[in-house]
Structure formats: structure tokens, C-alpha cells
Amino acid sequence: MVDLAQLMENEVFMAFASYTTIVLSKMMLMSTATAFQRMTRKAFANPEDCASFGKGENAKKYIRVDDRVERVRRAHLNDLENIVPFVGIGLLYSLSGPDLSTALLHFRLFVGARIYHTIAYLLPLPQPNRALAFFVGYGVTFSMAYRLLKSRLYL
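Thresholds, definitions, all that
- Residues numbered from 1 in each chain as written.
- Predicted model: local features only at pLDDT ≥ 70, side-chain atom pairs only at ≥ 80, totals over all residues.
- Heavy atoms only, no water.
- Salt bridge = Lys/Arg side-chain N within 4 Å of Asp/Glu carboxyl O.
- Helix = DSSP H or I, 4+ residues; strand = E, 2+ residues; numbered from the N terminus.
- Buried < 20%, exposed > 50% of the residue type's maximum accessible area, 1.4 Å probe, protein only.
- Core = buried A, V, L, I, M, F, W, Y, C linked by side-chain atoms within 4.5 Å.
- Contact = heavy atoms within 4.5 Å.
- Expected span 1.5 Å × (residues − 1).
- Polar contact = N/O pair within 3.5 Å; in protein donor to acceptor, adjacent residues only side chain to side chain.
- Axes fitted to C-alpha atoms, helices over the stretch in contact; angles between N-to-C directions.
- Parallel < 35°, antiparallel > 145°, perpendicular 65-115°, else oblique.
- Left-handed = near helix turned anticlockwise from the far one by under 90°.
- Nonpolar A, V, L, I, M, F, W, Y, C, P; charged D, E, K, R; others polar.
- pLDDT = per-residue confidence, 0-100.

1. Digging into the pattern of salt bridges
Then step 1. Counting across every chain of the model gives 5 salt bridges.
Then step 2. Residue Asp79 pairs with Lys26 through a salt bridge whose shortest N-O separation is 2.4 Å. A residue pair is termed long-range when its members are at least 10 positions apart, and Asp79 in helix α4 (residues 67-94) and Lys26 in helix α2 (residues 11-41) qualify at 53 residues.
Then step 3. By relative accessible area, which is 12% here, Lys26 ends up buried.
Then step 4. Among the charged side chains, a salt-bridge network with shared partners connects Lys26, Asp79 and Arg114.

In C-alpha cells:
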């Protein structure tokens with residue numbers, strides 16, 4: 001079994017931990033951005049969320065769908081769909097002994113693609129900006145999975 005000291009000396013794992021911290025922090029900020037948009041646009045999903053704006057019929061006008069809130073929310077959901085697989089596959093990949101420069105290329109491309117995807121989603125930039133960013137990130141995760149399956153796992 002690997003002890004923590006050995007793991008902390010593994011450069012690939014430490015790079016993975018660093019880049020994963022960046023994308024997980026970005027994903028956490030997206031929930032804050034969603035809440036901010038809901039508050040500033042006064043567009044809530046649940047009656048209890050808008051209780052401070054009134055009660056009964058007065059509060060119901062704040063339970064609505066807002067395009068700006070939905071755009072931020074969809075960007076956050078897209079993060080969840082893409083960052084979670086990256087974390088799982090990236091962890092296994094980083095522990096499989098890949099070359100540091102190859103691993104760094106994977107991690108940096110993924111983080112860059114996710115940040116660009118969010119920018120393209122929120123501004124919004126015209127397609128294919130968002131699609132390209134999505135497919136770069138997806139391709140990176142797939143590439144790590146392929147390398148892992150090809151070189152280390154028993155099938």
C-alpha cells in the first residue's frame with residue numbers, strides 16, 4: 001500500500017491534485033454565480049426561496065424561469081457532467097505512472113477547456129466556441145481513459 005508521503009512525492013499525482021482543485025473550485029463558484037443571478041434577477045425555483053419578497057400571491061411572481069439564471073445553471077450542470085468523470089478517471093490515470101509531460105498536457109487542456117467553456121456559455125460566444133471547448137475537455141478525459149485501459153487495467 002502506498003503511504004501519503006510517497007503519494008506527495010509523485011509529481012503526476014500532485015499535478016493532478018492541483019488542476020483538480022482549480023476545476024472543482026470553478027465548479028463551486030458556479031453554484032454561487034447561480035445564486036447571485038437568482039437574487040439579482042429575483043427569479044426563484046421554490047416558494048421558500050422568495051419568502052423575503054412577500055407572501056402568498058405576492059411571492060408567486062418571483063417563482064419563475066429567467067433566461068440568464070438558466071444559462072448559469074446549465075453551465076454549472078455541464079461542469080458536473082464533465083468534471084466528475086475527469087476527477088475519477090484522472091485519479092486512476094495519475095496513479096498509473098504516466099509520463100509527467102503527457103499528464104500535464106492532459107490536465108492543462110482539460111482545465112483550459114472547462115474555463116473557456118464557461119466563458120463561452122456565460123457571455124455567450126457564438127457556436128462552435130462552446131462545442132469545441134466541450135469536445136476538447138471530453139476528448140482529454142477519453143484519452144486518459146483509453147491510455148489507462150490500454151496500459152494498466154486488466155481486461
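2. Side note on the nonpolar core
Then step 1. Ranked by internal contacts, the top residues of the largest apolar core, which has 17 residues, are Val23, Phe86, Phe107, Phe110 and Met144.
Then step 2. The element that contributes the greatest number of residues to this core is α2, accounting for 7 residues.
Then step 3. Excluding anything up to four places from it in sequence, Phe110 contacts Val23, Asn82, Ile83, Phe86, Gly137, Val140 and Thr141.

3. Structural notes on helix α6 (residues 129-151)
Then step 1. With 23 residues, α6 should reach 33 Å at 1.5 Å per residue; the first-to-last C-alpha distance of 33 Å fits that figure.
Then step 2. Within the sequence span of α6, burial applies to Ala133, Gly137, Val140, Thr141, Met144, Ala145 and Leu148.
Then step 3. Against α4 and α5 (100-122) lie the buried residues of α6.

4. As for α4
Then step 1. In this model α4 runs 39 Å from its N-terminal to its C-terminal C-alpha over 28 residues, within 8% of the 40 Å that 1.5 Å per residue would give.
Then step 2. In this structure Asp66 caps α4, since a side-chain oxygen of it lies 3.0 Å from the backbone nitrogen of Arg68.

5. Section: unusual backbone geometry
Then step 1. That bond from Leu123 to Pro124 is cis: its omega, -20°, falls within 30 degrees of zero.
Then step 2. Considering the arrangement of structural elements, one finds Pro124 in the loop between α5 and α6.
Then step 3. For the peptide bond that leads from Gln127 to Pro128, omega is 15°, which places it in the cis range.
Then step 4. When you line up the elements, Pro128 lands in the loop between α5 and α6.
Then step 5. Unusually for a residue other than glycine, Lys42 sits at a positive phi of about 50°.
Then step 6. Here Lys42 falls in the partly exposed class, since its relative accessible area comes to 34%.

6. Observations regarding the packing of α5 against α6
Then step 1. Where α5 meets α6, the closest approach of the two axes is 8 Å, and the angle between their N-to-C directions is 155°. Taken together, α5 and α6 sit at an angle that is classed as roughly antiparallel. As for the relative orientation of α5 and α6, their crossing is left-handed in sense. On α6, the residues touching Thr102, His106, Phe107, Leu109, Phe110, Ala113, Arg114, Tyr116, His117, Ala120 and Tyr121 of α5 are Asn129, Arg130, Ala133, Phe134, Val136, Gly137, Val140, Thr141, Ser143, Met144 and Arg147.
Then step 2. The residue inventory of the contact of α5 with α6, partitioned by class, reads 12 nonpolar, 7 polar and 3 charged.

7. Some details on the confidence of the model for the protein chain
Then step 1. For the protein chain, the average pLDDT comes to 91, and 97% of its residues sit at 70 or higher.
Then step 2. By mean pLDDT, the top-scoring element of the protein chain is α5 (98), and the lowest-scoring one is helix α3 (residues 57-60) (75).

8. Observations concerning the packing of α2 against α5
Then step 1. Taken N-terminus to C-terminus, the directions of α2 and α5 make an angle of 10°; their axes are 9 Å apart at the nearest point. The angle between α2 and α5 places the two elements in the roughly parallel class. Contacts from Glu11, Val12, Ala15, Phe16, Tyr19, Ile22, Val23, Lys26 and Met30 in α2 reach Leu100, Ala103, Leu104, Phe107, Arg108, Phe110, Val111, Arg114, Ile115, Thr118 and Leu122 in α5.
Then step 2. Taken together, the residues of the contact of α2 with α5 break down into 15 nonpolar, 1 polar and 4 charged.

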